[in-house]
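Observations on the three-dimensional arrangement
Here is how the chains run, residue by residue.
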Amino acid sequence: MRNPIGGHVPVAGGLAKIGLGYARELAAETVQVFVANPRGWATPPGNPAQDELFRSECAAESIPAYVHAPYLINFGSHTEATVERSVLSLRHSLRRAREIGALGVVVHTGSATGGRPREEALAQVRTHMLPLLDELTHDDDPFLLLESTAGQGSSLCSRTWDFGPYFEALDFHPKLGVCLDTCHIYAAGHDLTGPAGMRQTLDLLVGTVGEGRLKLIHANDSKDVVGAHKDRHENIGAGHIGAEPFRELLAHPATEGVPLIIETPGGKEGHAADVARLKELRGAH
Ligand SMILES: [Zn+2]
């Protein structure tokens, strides 16, 4: 199929048992999981039996899996302790991703806190994130996927062109990719609606990072209007983006083979409905 469609799944109680059980109820063709508390710094070891089961079941069912790194990570922080913890936390997510057979780790691009200039924050991204990319030397190591934000505060990357300096800071490392969140990019100011909105935004992204870098899409509608800089996800077709731009997205050459993960509200029923809606929009591709 052109684009596997699935969702972020809960894993408390077992990565395979709970996570893949939930995925089946969504009829998900791809999954995203946390391997640590997303609002903490802990780096738990995982359960080898569940890891093995998760990896083998995903392989048997051809389900591409992804890890979302914790939200506290910020390589642009002016607080040294935060940067140190960010390194440990992201290294943990990358290692755990390999252990469970995940293809990529999504990390937020962060912000330049403490009023520091953006260039300084990006230099710090280079110092601390590039070595983690260089550690990815195994064939089955995941990609590191940068997810831009809705552009709140002193965000380092929210518009498509902001990926340029970020990729430059990381030497366009071969293990580097992009996770495009449709809600975030819309909230950041890219109008995805209208006959060409989605196409132009995807063209801009490819123009900045090059072909083949878009590895994952977070398919979320937005509760807020374009440019609102608010990160509030809505169910597909129920927000300000609407359903049509997702049809455009699913037909754009840059998304060929790229999985879509929903991170929408509504619990299991809402998630199943969103997965079904996106599959409809995918059509016969
Ligand atoms: Zn997202």
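Above this text is the structure in question.
Per chain, the residues get numbers from 1 upward, laid out in the order the sequence is written. Reporting of local features is limited, given that this is a predicted model, to residues whose pLDDT is at least 70; pairs of side-chain atoms are given and counted only at 80 or more, and all residues count toward the totals for whole chains, interfaces and linings. Hydrogens and water molecules were not included; the side-chain quantities draw on all heavy atoms of the structure.

1. Some points on the pairing of strand E1 (residues 5–8)
What counts here: Paired strands are those between which DSSP finds at least two bridges. Working definition: helices are DSSP H or I runs of at least four residues, strands are E runs of at least two. Numbering for both runs from the N terminus. Crossover handedness is defined by viewing with both strands directed away from the observer: a clockwise path from the first strand over the helix to the second marks the crossover as right-handed.
Of the strand pairs in this sheet, E1 and strand E10 (residues 260–262) are connected by 3 bridges, and their pairing is parallel. Bridge assignment links Gly-7 to a residue of E10, and that residue is Ile-262. Regarding topology, helix H1 (residues 15–26) serves as the crossover connection from E1 to the parallel strand E2 (residues 31–33), and that connection is right-handed.

2. What about the coordination of the zinc ion?
What counts here: The donor definition counts N, O and S atoms within 2.8 Å of each metal and applies 3.2 Å to Na, K and Ca; water is not among these atoms, so some sites may look incomplete. Working rule for geometry: tetrahedral if four donors all subtend angles between 85 and 135 degrees; square planar for four, octahedral for six, if opposite donors exceed 155 degrees and the others stay between 65 and 115; irregular in every other situation. For every residue, the accessible area obtained with a 1.4 Å probe (protein chains only) is divided by the maximum for its type, and the residue is called buried under 20%, exposed over 50%, and partly exposed between those limits.
Distances from the zinc ion to its protein donors, namely Glu-147 (OE), Asp-181 (OD), His-218 (ND1) and Glu-263 (OE), fall within the range 2.2 Å. Here the zinc ion is ringed by 4 donor atoms whose angles at the metal span 83 to 172 degrees, and the overall shape comes out irregular. Counting gaps between the donor residues of the zinc ion yields the pattern E-x33-D-x36-H-x44-E. Of this pair, Glu-147 sits in strand E5 (residues 143–147) while His-218 sits in strand E7 (residues 214–218); the two residues are 71 residues apart in sequence, bridging distant segments of the chain. Judged on exposure class, the residue Glu-147 and its partner His-218 are both buried.

3. Let's talk about unusual backbone geometry
Glycine aside, residues mostly have negative phi, and peptide bonds are mostly found in the trans state. Of note, the phi angle at Ala-27 is positive, near 55 degrees, even though the residue is not glycine. Summarising the element assignment, Ala-27 is placed in the loop between H1 and E2. For Asp-171, which is not glycine, the phi torsion reads 55 degrees and is therefore positive. Take Asp-171: it is sitting in the loop between helix H5 (163–169) and strand E6 (176–181). You can call Asp-171 partly exposed: its relative accessible area is 45%.

4. Thoughts on the sheet that holds E1
Put simply, the rule is: With axes taken as lines fitted to C-alpha atoms, and helix axes fitted only over the stretch in contact, angles between N-to-C directions fall between 0 and 180 degrees. Contacts are assigned to residue pairs with any non-hydrogen atoms lying within 4.5 Å of each other.
Pairing in this closed barrel of 8 strands is parallel, and the strands run E1-E2-E3-E4-E5-E6-E7-E10 around the ring. Between one strand axis and the next, the sheet turns by 30 degrees as a mean value, whatever way the strands run. One ladder, built from 4 bridges, connects E6 with E7; its direction is parallel. Note that in E7 the partner of Cys-179 across the bridge is Leu-216. In the packing of helix H7 (residues 197–209) onto the sheet, contacts are made with E6 and E7, and the angle to E6 comes to roughly 165 degrees.

5. Here's the deal with the packing of aromatic side chains
Heads up, the rule is: Between the rings of Phe, Tyr and Trp (Trp by its six-membered ring), a pair exists once the centres lie within 6.5 Å; its type follows the angle of the planes, with under 30 degrees stacked, over 60 edge-to-face, and the other angles tilted. Note on geometry: a ring has a charge over it if NZ (lysine) or CZ (arginine) is within 6 Å of the ring centre and within 35 degrees of the ring normal.
Here the structure, examined in full by the defined rule, presents 3 aromatic pairs. Ring centres of Phe-163 and Phe-167 lie 6.5 Å apart, and the angle between their planes is 75 degrees; this geometry places the pair in the edge-to-face category. Within this pair, Phe-163 and its partner Phe-167 are both found in helix H5, separated by 4 residues, close to a single helical turn. For the pair formed by Phe-163 and Phe-167, the shared burial category is buried. Sitting over the ring of Phe-143, Lys-175 keeps its end group 4.7 Å from the ring centre. Sitting over the face of the ring of Phe-143, Lys-215 holds its NZ or CZ atom 4.2 Å from the ring centroid.

6. Overview of the pattern of salt bridges
What counts is decided by this rule: Think of a salt bridge as a Lys or Arg side-chain nitrogen and an Asp or Glu carboxyl oxygen that are within 4 Å of each other.
Taken as a whole and assessed by the stated rule, the structure comprises 19 salt bridges. The salt bridge involving Glu-99 is made with Arg-96; its shortest N-O contact spans 2.6 Å. Highlighted residues: Glu-99 and Arg-96, both in helix H3 (residues 80–100), separated by 3 residues, approximately one helical turn. For Glu-99, a relative accessible area of 28% translates into the label partly exposed. Relative accessible area serves as the criterion here: at 3%, Arg-96 is assigned to the buried category. With its nearest N and O atoms 2.9 Å apart, the salt bridge here joins Asp-140 to Arg-98. Of this pair, Asp-140 sits in the loop between helix H4 (118–134) and E5 while Arg-98 sits in helix H3, and the two are 42 residues apart along the sequence. Assessed through its relative accessible area of 43%, Asp-140 is described here as partly exposed. A relative accessible area of 31% means that Arg-98 is categorised as partly exposed. In this structure, a network of salt bridges that share partners links the residues Asp-51, Arg-95, Arg-96 and Glu-99.

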